[in-house]
Amino acid sequence: MKRIISSLYSRFGMLLCSGMLVGLSALLLCVSGCAEGPDVMRILARLDDPPEKLSTWRLFRGEMKSHTLNQGVLPYDIATPLFSDYATKYRAVWMPPGKKATSDEKGVFSFPEGTVLIKTFAYPDTSGSKRLVETRLLVHSATGWEAFPYVWNKEQTDATLALVGDTTDVKWSHPSGKEYAFTYVVPNANECKNCHEIQKKLRPLGPKAPQLNHSFTYDDGEANQIKRWIEVGFLEDSAALQKSPVMPNWLDPKTGSVAERARAYLDANCSHCHQRTGPASNSALYLDYATTDPADWGVCKHPVAAGKGAGDLRYGIVPGQPDKSILLFRMLSDEPEIRMPELGRVVAHQEGIELIRAWIQEMKGTCPETP
Ligand code: HEC
Ligand code: HEC
């Protein structure tokens, strides 16, 4: 809590280290923290030679394995995330003092130069505590976004730049009791593009107003994330921002109907490729939340290519018949040539499959000559 408060105050240009009064330990903590905020600007100046170690960025403080964000680095989560083999993800953002993002009416942000977006992937280890696997950074340099994947060492004392990717064995038990043992794949720096690039430019995917507009448990209590971003000076309040839509939480029926949550799920898990300007645009399947014509989601749509990926099925979605729908068939598959998403997962996502199944099940209508 002191960390958040002190970071808020320093961003507001008010009394630095107001937590000092609380006691000597807080004072020491704050002094070292305040003196050593993130070291991003120095690194940015020579980004062609990025740091070997994640710790060099000073996005974290104290022992690296505690994964404690440094002052000024704000954690966030998104309403409907990307599924990544059941990894737990921790997300955070940092911007240079005095710089902020702006929003358009759809809630898409333009981030200032110097912004760092951080995403760490972790699994519970055999003793029940968390094992940090990788931390990915997206950094907004003078010429655009750049991607840096870091892989954590076994001792969890630091993570090392791994531009060529990595693999690691994961054993994990689902709350349902199902045991998972698989080889987790850390993508290489080139693969980031397959999801993050549009028209040859890398861009962030998660932090947009529709995905952030809900409450988050900060160290100092619950608060709406959009309000907090504005408060700490990360986001400019504007009429456009206030107009932007809210995305449902795919798992929370209070936030939307089955159809709305299914479409939020497809947006988060598929639309970075399946949208009009995305890398899978030639499949003519558009799964972004803004697309509202069922034919674009695949309803009664013949696949672009028949064959293995279509599994002898005729249509992307057959209303009322999830098991005749290619969309679900590909989500169920573990085979690299069939599975969707084609990248970023090894195992199927049971809960996501259930939601898409329920959505297709409740759709009305028939397709011509459904076999
Ligand atoms: C399979 C597609 C996919 C690949 C491959 C991928 N990402 Fe992402 N990434 C996403 C999606 C979707 C989000 C937003 C949703 C979320 O965070 O759950 C995201 C979020 C992030 C974030 C948080 C900020 C943001 O954009 O939302 C960072 C940082 C990030 N990715 C870095 C990387 C880096 C670095 C690589 C390459 C090593 C990479 N990603 C590879 C799909 C991908
Ligand atoms: C990393 C990029 C990527 C992501 C993410 C992705 N896809 Fe795909 N998808 C493709 C590509 C490329 C094709 C075309 C080649 C093929 O059919 O394998 C495709 C094809 C398809 C097809 C066949 C389309 C047709 O009509 O011919 C379906 C169905 C599909 N994807 C569903 C999904 C679903 C559902 C998700 C999310 C759960 C998803 N995809 C996520 C890249 C992606």
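Here, every reference points to the structure presented above.
Along each chain, numbering runs from 1 in the same order as the chain's sequence is written. To read the labels, note that chains go from A and ligands from 1, taken in the order they are written. A pLDDT threshold of at least 70 governs which residues receive local features in this predicted model, and a stricter bar of 80 or more applies before side-chain atom pairs are shown or counted, although totals over entire chains, interfaces and linings include all residues. Think of the side-chain values as coming from all heavy atoms in the structure, minus any hydrogens and water.

1. Some words on the site of ligand 2
It suffices for a single heavy atom of a residue to lie within 4 Å of a molecule or strand for the residue to be listed as near it. Residues in close proximity to ligand 2 total 20 residues, the closest being Cys-270, Cys-273, His-274, Lys-301 and Met-340. Any pair of nitrogen or oxygen atoms within 3.5 Å is treated as a polar contact; in protein, a donor-acceptor pairing is required on top of that, and neighbouring residues in sequence qualify only through side-chain atoms on both sides. Contact between ligand 2 and His-274: a nitrogen atom at 2.8 Å from a side-chain N or O atom of the residue. Among the secondary structure elements, those contributing two or more residues to the shell around ligand 2 are helix 8 (258–270) and helix 10 (326–332). The way it works is that DSSP assigns letters per residue, a run of H or I at least four long becomes a helix, a run of E at least two long becomes a strand, and they are numbered from the N terminus. Per-element accounting of the shell around ligand 2 gives the leading share, four residues, to helix 10. Taken together, the residues of the shell around ligand 2 sort by class into 13 nonpolar, four polar and three charged. Amino acids outside the nonpolar list (Ala, Val, Leu, Ile, Met, Phe, Trp, Tyr, Cys, Pro) and the charged list (Asp, Glu, Lys, Arg) are all regarded as polar, and Gly is one of them.

2. Describing the state of the cysteines
In this description, a disulfide is simply a cysteine sulfur pair whose atoms lie within 2.5 Å. Throughout the structure, instances matching the rule amount to one disulfide. Across the disulfide from Cys-300 sits Cys-367; the S-S distance is 2.0 Å. Here the disulfide of Cys-300 and Cys-367 is left-handed, its torsion about the S-S bond being about -85 degrees. Pair noted here: Cys-300 is in the loop between helix 9 (294–297) and helix 10 and Cys-367 is in the segment after helix 11 (350–362), with a separation of 67 residues, a long-range link.

3. With respect to the coordination of the iron atom of ligand 2
Atoms of type N, O and S within 2.8 Å of a metal are treated as its donors, and for Na, K and Ca the window is 3.2 Å; water is not considered, so some sites may appear to be missing partners. On the protein side, the iron atom of ligand 2 has His-274 (NE2) and Met-340 (SD) as donor atoms, found 2.0 to 2.2 Å from it. Geometry at the iron atom of ligand 2 is octahedral, judged from its six donor atoms and the angles of 86 to 179 degrees they form at the metal. Here the residue His-274 occupies a position in the loop between helix 8 and helix 9, and Met-340 occupies one in the loop between helix 10 and helix 11, the gap between them amounting to 66 residues. The exposure class of His-274 is buried, given its relative accessible area of 10%. In this scheme the shape depends on donor count and angles: four donors with every angle between 85 and 135 degrees give tetrahedral, four or six donors with opposite pairs above 155 degrees and others between 65 and 115 give square planar or octahedral in turn, and any other case is irregular. In this scheme, a residue with accessible area under 20% of its type's maximum is buried, one over 50% is exposed, and one in between is partly exposed, where area comes from a 1.4 Å probe on protein chains only.

4. Quick notes on the packing of helix 8 against helix 11
Where helices are involved, their axes are fitted lines through C-alpha atoms of the stretch in contact, as for all axes, and angles between N-to-C directions lie from 0 to 180°. Direction vectors running N to C along helix 8 and helix 11 enclose 130 degrees, while the axes themselves pass 9 Å from each other. Considering their axes alone, helix 8 and helix 11 lie oblique with respect to each other. Remark: the crossing between helix 8 and helix 11 carries left-handed chirality. Contact residues: Val-258, Ala-259, Arg-261, Ala-262, Arg-263, Tyr-265 and Leu-266 in helix 8; Gly-352, Leu-355, Ile-356, Ala-358, Trp-359 and Glu-362 in helix 11. Residue classes in the contact of helix 8 with helix 11 are distributed as nine nonpolar, one polar and three charged. An angle below 35 degrees is treated as roughly parallel, one above 145 as roughly antiparallel, one from 65 to 115 as roughly perpendicular, and anything else as oblique. If you view the pair so one helix is near and one far, a crossing is left-handed when the near helix is turned anticlockwise from the far one by less than a right angle, and right-handed when it is turned clockwise. Should any heavy atoms of two residues lie within 4.5 Å, those residues are considered in contact.

5. Points about unusual backbone geometry
Each neighbour pair has its own omega, and for Met-340 with Pro-341 the value is -10 degrees, a cis peptide bond. In this structure, Pro-341 sits in the loop between helix 10 and helix 11. Backbone geometry at Tyr-86 places phi at a positive 65 degrees, although glycine is not the residue there. Among the residues examined, Tyr-86 registers a relative accessible area of 12% and is labelled buried.

6. A closer look at the packing of aromatic side chains
A ring pair, where both rings are aromatic, is described by two values, the distance of the centres and the angle of the planes. Each pair of aromatic rings taken from Phe, Tyr and Trp, with Trp reduced to its six-membered ring, is defined by centres within 6.5 Å and is described as stacked if the planes are under 30 degrees apart, edge-to-face if over 60, and tilted in the remaining cases. One pass over the full model with this rule turns up 17 aromatic pairs. Aromatic side chains Tyr-86 and Trp-172 sit 4.9 Å apart centroid to centroid with 15 degrees between the ring planes, which places their arrangement in the stacked category. Highlighted residues: Tyr-86 in the loop between strand 3 (74–76) and strand 4 (88–94) and Trp-172 in strand 11 (residues 166–173), separated in sequence by 86 residues. In this pair, the class of Tyr-86 matches that of Trp-172, namely buried. Relative to Trp-359, the ring of Trp-297 lies with its centre 5.5 Å away and its plane at 50 degrees, an arrangement referred to as tilted. Taken together, the positions of Trp-297 in helix 9 and Trp-359 in helix 11 put the pair 62 residues apart, joining distant regions of the chain. The same class applies to Trp-297 and to Trp-359, which are both buried. Each residue in the set Phe-83, Tyr-86, Phe-121, Tyr-123, Trp-172, Tyr-180, Phe-182 and Tyr-184 is aromatic and connected to the rest through ring pairs, giving one cluster.

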